[in-house]
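Coordinates in review
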Amino acid sequence: MERDGEVDLTKSPETLTEDDVCVIQDTWRPVFENRENAGVAVLIRFFSNFPLAKQYFDKFRDMHLEEMKQSVPLKKHAVRVMTGINTMVESLRDEEKLDGVFRQMGKSHALKHKVDPVYFKILADVILEVLVETFPQGFSPASVQSTWSKLMGVLCWQMNKVYAEVDWESIKTSAK
């Protein structure tokens, strides 16, 4: 049963093929070379479209968007997000390492930061939207977007799986 913003854990996401992995890694390279600018663009769009998400960020929670564009903490977090995606992209052929990446990311966001998992889906959509606009040469083909959507589906499914394992519902209830 799927509730708003949640991923159905009873059915696995689409499996990435070797061709998918090649497309993802090839199109990701120029993004990671411009990780700070790309990451800032993603976070600015994310916070602009979903201002409630700022509640999870003490360092820039009360900043206006113009202020955020120049914020060193925002730039550092943007690079951290892009580096996390890079680790995921580099690990696509190593299931054990990839599982570890998802577990670490999921546990950190659930237990330490108490981030509602719905934001992974929202952020995944924003990432794809920004990449298509910012890197049109690599991300314009519908097939590339479809491949990246599969990857983001895997990411969201894995995050929701980790959240279920750490009993997010109990954590969320006790945090109120």
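That block above? That's the structure.
Residues numbered from 1 in each chain as written. Predicted model: local features only at pLDDT ≥ 70, side-chain atom pairs only at ≥ 80, totals over all residues. Heavy atoms only, no water.

Another aspect to go through is the environment of Glu14. As for its position among the elements, Glu14 is in the segment before helix 1 (18–33). Judged by its relative accessible area of 54%, Glu14 falls in the exposed class. In this structure the C-alpha to C-alpha distance between Glu14 and Ser140, which are 126 residues apart in sequence, comes to 21 Å. Those residues in contact with Glu14 that lie beyond four places of it in its chain are Lys150 and Val154. (Helix = DSSP H or I, 4+ residues; strand = E, 2+ residues; numbered from the N terminus. Buried < 20%, exposed > 50% of the residue type's maximum accessible area, 1.4 Å probe, protein only. Contact = heavy atoms within 4.5 Å.)

Another aspect to go through is the nonpolar core. In this structure, Trp28, Phe47 and Trp148 are the most contacted members of the largest nonpolar core, which totals 54 residues. Taken together, the elements giving at least two residues each to this core come down to helix 1, helix 2 (35–49), helix 4 (72–90), helix 5 (95–112), helix 6 (118–134), helix 8 (142–165) and helix 9 (168–175). With 10 residues, helix 6 is the largest single contributor of residues to this core. Once residues within four sequence positions are removed from consideration, Trp148 is found in contact with Ile24, Thr27, Trp28, Val89, Leu128, Leu131 and Phe139. (Core = buried A, V, L, I, M, F, W, Y, C linked by side-chain atoms within 4.5 Å.)

Attention now goes to helix 4. Here helix 4 is 19 residues long and its end C-alpha atoms lie 26 Å apart, about the 27 Å a rise of 1.5 Å per residue gives. Where helix 4 is concerned, the buried positions are Leu74, His77, Ala78, Val81, Met82, Ile85, Asn86, Met88 and Val89. Residues of helix 4 that are buried make contact with helix 1, helix 2, helix 3 (65–70), helix 5, helix 6 and helix 8. Here helix 4 starts with a cap whose side-chain oxygen sits 3.1 Å from the backbone nitrogen of Leu74, and that cap is Ser71. (Expected span 1.5 Å × (residues − 1). Polar contact = N/O pair within 3.5 Å; in protein donor to acceptor, adjacent residues only side chain to side chain.)

A few words now on the packing of helix 2 against helix 6. For any two helices packed against each other, one specifies the crossing angle of their axes together with the interaxial distance. One way to put it is that helix 2 packs onto helix 6 with a least axis distance of 9 Å and a crossing angle of 125 degrees. Accordingly, the angle class assigned to the pair helix 2 and helix 6 is oblique. The interaxial crossing formed by helix 2 with helix 6 has right-handed handedness. Of the residues in helix 6, those touching helix 2 at Ala38, Ala41, Val42, Arg45, Phe46 and Asn49 are Tyr119, Ile122, Leu123, Val126, Ile127, Glu129, Val130 and Glu133. Across the contact of helix 2 with helix 6, the residue classes break down as 10 nonpolar, one polar and three charged. (Axes fitted to C-alpha atoms, helices over the stretch in contact; angles between N-to-C directions. Parallel < 35°, antiparallel > 145°, perpendicular 65-115°, else oblique. Left-handed = near helix turned anticlockwise from the far one by under 90°. Nonpolar A, V, L, I, M, F, W, Y, C, P; charged D, E, K, R; others polar.)

On the surface, Lys59, Lys76, Arg80 and Lys112 cluster together into a patch of positive charge. Relative to the elements of secondary structure, Lys59 occurs in the loop between helix 2 and helix 3. The class of Lys59 is exposed, set by a relative accessible area of 64%. (Patch = residues over 30% accessible without salt bridge, like charges linked within 9 Å, V, L, I, M, F, W, Y side chains within 5 Å. Areas by Shrake-Rupley, 256 points an atom, 1.4 Å probe, with all protein chains shown as cover. Salt bridge = Lys/Arg side-chain N within 4 Å of Asp/Glu carboxyl O. Lys, Arg positive; Asp, Glu negative; His and termini not counted. Charge placed at Lys NZ, Arg CZ, Asp CG, Glu CD.)

The next point concerns the pattern of salt bridges. Within the structure shown, the criterion is met by nine salt bridges. The salt bridge involving Glu18 is made with Arg93; its shortest N-O contact spans 2.5 Å. In this pair, Glu18 sits in helix 1 while Arg93 sits in the loop between helix 4 and helix 5, placing the two residues 75 residues apart along the sequence. By relative accessible area, Glu18 is classed as partly exposed at 45%. Overall, Arg93 belongs to the partly exposed group, its relative accessible area being 48%. Ionic pairing is found between Asp125 and Lys121, a salt bridge with its closest N-O pair at 2.8 Å. Of this pair, Asp125 and Lys121 both sit in helix 6, four residues apart, which is roughly one turn of that helix.

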